[in-house]
Amino acid sequence: LSAADFREVWQHYDQDHNGYIEEQEIDRFMSDLFEAQGQILSKSDCAGLKQTLLECYDVNRDGKIELSEMIKILPVEDNFLLKYKIQNKQLTYPNFLRIWEFYDSDGSGVLERSELDSFITDLIKTNKVILGGHCDGVSVAAELPTLKH
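Criteria and thresholds
- Residues numbered from 1 in each chain as written.
- Predicted model: local features only at pLDDT ≥ 70, side-chain atom pairs only at ≥ 80, totals over all residues.
- Heavy atoms only, no water.
- Helix = DSSP H or I, 4+ residues; strand = E, 2+ residues; numbered from the N terminus.
- Contact = heavy atoms within 4.5 Å.
- Areas by Shrake-Rupley, 256 points an atom, 1.4 Å probe, with all protein chains shown as cover.
- Axes fitted to C-alpha atoms, helices over the stretch in contact; angles between N-to-C directions.
- Parallel < 35°, antiparallel > 145°, perpendicular 65-115°, else oblique.
- Nonpolar A, V, L, I, M, F, W, Y, C, P; charged D, E, K, R; others polar.
- Phe/Tyr/Trp six-rings, centres within 6.5 Å; stacked < 30°, edge-to-face > 60°.
- Buried < 20%, exposed > 50% of the residue type's maximum accessible area, 1.4 Å probe, protein only.
- Salt bridge = Lys/Arg side-chain N within 4 Å of Asp/Glu carboxyl O.
- Expected span 1.5 Å × (residues − 1).
- Arc of directions from axis to C-beta.

Chemist: Give a detailed account of the overall build of the chain, specifying residues and quantitative values.
Modeler: The number of helices and strands found in the chain is eight helices and two strands. Listing each helix as α and each strand as β along the chain from the N terminus yields α-β-α-α-β-α-α-α-α-α. For the chain, the share of sequence-separated contacts (at least 6 apart) that also reach a separation of at least 24 residues comes to 47%. Of the roughly 9700 Å² of accessible surface on the chain, a fraction of 54% belongs to carbon and sulfur atoms.

Written out as structure tokens, the structure reads:
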């Protein structure tokens, strides 16, 4: 799944654009997933699978899927920021807006925690690729210096 495809999927299922895929949105996601395979889910099967999905991927146990959790369900193959580094594109205002709009998945004009986490993770991976390093299992917290007030 490309970053653009992932973003499209996210926006399709996060219908209220609040940055989460919640109860009914998860039901729709599960139904569509099985429908694409030619299977129809009963309401009870959907409820059971939704519970399993939440148990496996809802890390903070809030009963909804946020962006960082969805990436674990539908992994993204490419790094959105890397496209700008490899293609030697300058960070022009239009390019900045494309990057911002990609990571501001709920369109709020602010990068919330999960959106910022995705941006920082891609930024770290991009810099490691450009500098010749590797970043298997990158942990954003482990990569950033401790900030003191």
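Chemist: Give me the packing of helix α2 (residues 23-35) against helix α3 (residues 43-57): which residues, what numbers.
Modeler: Relative orientation and spacing of two packed helices are given, respectively, by the angle between their axes and the distance between those axes. One way to put it is that α2 packs onto α3 with a least axis distance of 10 Å and a crossing angle of 105°. Comparing the axis directions of α2 and α3 gives the class roughly perpendicular. Of the residues in α3, those touching α2 at Glu23, Ile26, Asp27, Met30, Ser31 and Phe34 are Cys46, Leu49, Lys50, Leu53 and Leu54. For the contact of α2 with α3, the residue count by class is seven nonpolar, one polar and three charged.

Chemist: Pulling in residues and values, what's your account of the packing of aromatic side chains?
Modeler: Under the definition given, this model contains two aromatic pairs. With centroids separated by 5.3 Å and ring planes inclined at 85°, the aromatic side chains of Tyr13 and Phe29 adopt a geometry described as edge-to-face. Remark: Phe29 occurs in helix α2 and Tyr13 occurs in helix α1 (residues 3-13); sequence separation between them is 16 residues. Since its relative accessible area comes to 10%, Tyr13 is described here as buried.

Chemist: An account of the pattern of salt bridges is needed here, citing residue identities and associated values.
Modeler: Under the definition given, this model contains three salt bridges. Where Asp32 meets Arg28, a salt bridge forms, and the shortest distance between an N and an O atom there is 4.0 Å. Pair noted here: Asp32 and Arg28 are both in helix α2, with a separation of four residues, about one helical turn. What makes Asp32 partly exposed here is its relative accessible area of 25%.

Chemist: Go over the environment of Phe6, please, and point to the residues and values.
Modeler: Mapping Phe6 onto the fold places it in helix α1. Taking the relative accessible area as the measure of exposure, Phe6 reaches 4% and is therefore buried. Each C-alpha atom, one on Phe6 and one on Pro75, is 8.2 Å from the other, the two residues being 69 residues apart in sequence.

Chemist: Explain α3 to me, using residue names and the numbers behind them.
Modeler: Its 15 residues place the ends of α3 21 Å apart at the C-alpha level, agreeing with the 21 Å of an ideal helix rising 1.5 Å per residue. Buried within α3 we find Cys46, Lys50, Leu53 and Leu54. The buried side chains of α3 occupy one side of the element, clustering within an arc of 95° when seen end-on. In α3, those exposed residues whose orientation departs by more than 90 degrees from the buried face are Ser44 and Cys56. Contacts from the buried residues of α3 go to α2, β2 (65-66) and α4 (67-73).

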